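Letter by letter, the chains look like this.
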Amino acid sequence: MNESSWGTPPGARQWGPPDHGPAASLRGAAPPVPAGPVHDRGDAAQTRPMPIVPEPGGHQDDHRDIRDDRGAARLSGPPFRDDRPQEPMPTSLPGADSAPDPEKPKKKSAGRNLRAAIGVGVGLGAVILASLFVYKPVFIGVIAIAVVVGLWELTSRLAERKDIRVPLVPLAVGGTAMVVAGYVRGAEGAWVAMALTALAVLVWRMTEAPENYLRDVTAGVFAAFYVPFLATFVALMLAAGDDGPQRVLTFLLLTVVSDTGAYAVGWRFGRKKLAPRISPGKTREGLVGAVLFAMVAGALCMEFLIKGGAWWQGLLLGLAVAASATLGDLGESMIKRDLGIKDMGTLLPGHGGIMDRLDSLLPTAPVVWLLFVIFVGSG
């Protein structure tokens, strides 16, 4: 059967190698292009293009657009395989002499400078103990200084983040008066000083433009209650009689132990978040640690430090301190989230500001004072 029986007239160019002859070895090679020398096969002289052999140094992967006699575009390379030279695959990655080790869990971070935090904590503890047991009025001065600095931090952050203009001068004067009045005149004196401070804030703000007056004085009254008024209960504990310093020391120890237990247990075993929307770092396991640590410390303190106290009262006292300290911490975290800040200040390295240390102490003070009055009297 000749090629004309397939509908191909003699002399027409064909695309593909013959079925026999010397060119049979070209099967599977790159499709030829319509150029180059021709072979004469005698009677049925047919024109067949020879494959172009790329010159040395040429681009062998250059797929140029070549058209046949019918105008059909063809590529100079085979349509089903890539003739471009392939780079050898590396047998191993650089520096990977052996199989990689399984990913190791990241080491937990404490989240703050522990060395600085411990140093500052020891220094503050020494000042507090020296003033508490040497001369009581000096400790009242320490409370007043902490109140004024805390008010300055709170009002500064309110002005920076919310543009709330709270008058600091009447708050500082009134806050100091609250602490002194609580120590000298008791709870009645503290309430009177609180009322006068709120009135002073209302009057002081009148010297400025009336815009946002209600907002500013509301924030001022809140600041007066939150910082100095709650701190006044520490002065009330100190004025409770001969064991006043021991009551204050118990209050401070239980709050610190509660915070330490929550921190230590939560850092080591914490898995379930306590209030992720308010404080993502606090866990339920940490709360359990705070309760256990505070109850043990409370039983010891009531048994050995407080006159007329019992160990079971200390268990209840520790439980109440753990709850109030946690709520106080969450409360200030809520304020800081609303303000969009991490710390209230930077005065204490490793701790933040004064308010970042008073967050657990302030709401715990009235709770401890009330339980002391119930368990062993007001002194």
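Just so you know, these numbers come straight off a predicted model, no measurement behind them.

> Tell me what's going on with the overall build of the chain, and back it up with residues and numbers.
Scanning the chain for helices and strands turns up eight helices and four strands. Along the chain, from the amino end to the carboxyl end, the secondary structure elements read β-β-α-α-α-α-α-β-β-α-α-α. For the chain, buried positions account for 37% of its 379 residues. In the chain, the share of contacts with a sequence separation of at least 24, taken over all contacts with a separation of at least 6, comes to 66%.

> So, unusual backbone geometry: which residues are in play, and what are the values?
Where the residue is not glycine, phi is negative for most of them; where a peptide bond is considered, it is trans in most cases. Even without glycine at this site, Asp163 takes up a positive phi of about 60 degrees. Here Asp163 is to be found in the loop between helix 2 (136–162) and helix 3 (168–205). For Asp163, a relative accessible area of 39% translates into the label partly exposed. Located in the positive-phi region is Asn212, a residue other than glycine, with phi close to 65 degrees.

> A description of the pattern of salt bridges should follow, citing residues and the corresponding values.
For the structure on display, the rule yields nine salt bridges. The salt bridge involving Asp216 is made with Arg205; its shortest N-O contact spans 2.9 Å. Placement of Asp216 in helix 4 (residues 213–238) and of Arg205 in helix 3 is noted, with a sequence separation of 11 residues between them. An identical accessibility class is assigned to Asp216 and Arg205; each is buried. The partner of Asp343 in a salt bridge is Lys342, and the shortest N-O contact between them spans 3.9 Å. When salt bridges that share partners are traced, they join Arg205, Arg215 and Asp216 into one network.

> Any details on the packing of aromatic side chains? Residues and values, ideally.
Scanning the entire structure with this criterion turns up six aromatic pairs. Within the aromatic cluster, the residues linked to one another by ring pairs are Trp191, Phe225, Phe229, Phe233 and Trp369. Above the plane of the ring of Phe269 lies Arg268, whose end atom (NZ or CZ) is 5.1 Å from the centre.

> Please set out the nonpolar core residue by residue, giving values where relevant.
Judged by nonpolar contacts, the single largest core of 57 residues is most densely connected at Ile143, Val234, Met237, Val248, Phe251 and Leu317. The set of elements that each furnish at least two residues to this core consists of helix 1 (114–134), helix 2, helix 3, helix 4, helix 5 (244–269), helix 6 (284–304), helix 7 (311–339) and helix 8 (354–376). Per-element tally for this core: the top contributor is helix 4, with 14 residues. The residues contacting Ile143, other than those within four sequence positions of it, are Val179, Ala231, Val234 and Ala235.

> Explain the pairing of strand 4 (residues 279–283) residue by residue, including any values.
When strand 3 (residues 273–275) meets strand 4, the two strands line up antiparallel, connected through two bridges. When the bridges of strand 4 are listed, Lys273 appears paired with Thr283. What sits between strand 3 and strand 4 in their antiparallel hairpin is a turn of three residues.

Rules of the game
- Residues numbered from 1 in each chain as written.
- Predicted model: local features only at pLDDT ≥ 70, side-chain atom pairs only at ≥ 80, totals over all residues.
- Heavy atoms only, no water.
- Helix = DSSP H or I, 4+ residues; strand = E, 2+ residues; numbered from the N terminus.
- Buried < 20%, exposed > 50% of the residue type's maximum accessible area, 1.4 Å probe, protein only.
- Contact = heavy atoms within 4.5 Å.
- Salt bridge = Lys/Arg side-chain N within 4 Å of Asp/Glu carboxyl O.
- Phe/Tyr/Trp six-rings, centres within 6.5 Å; stacked < 30°, edge-to-face > 60°.
- Lys NZ or Arg CZ within 6 Å of the ring centre and 35° of its normal.
- Core = buried A, V, L, I, M, F, W, Y, C linked by side-chain atoms within 4.5 Å.
- Pairing = 2+ DSSP bridges.

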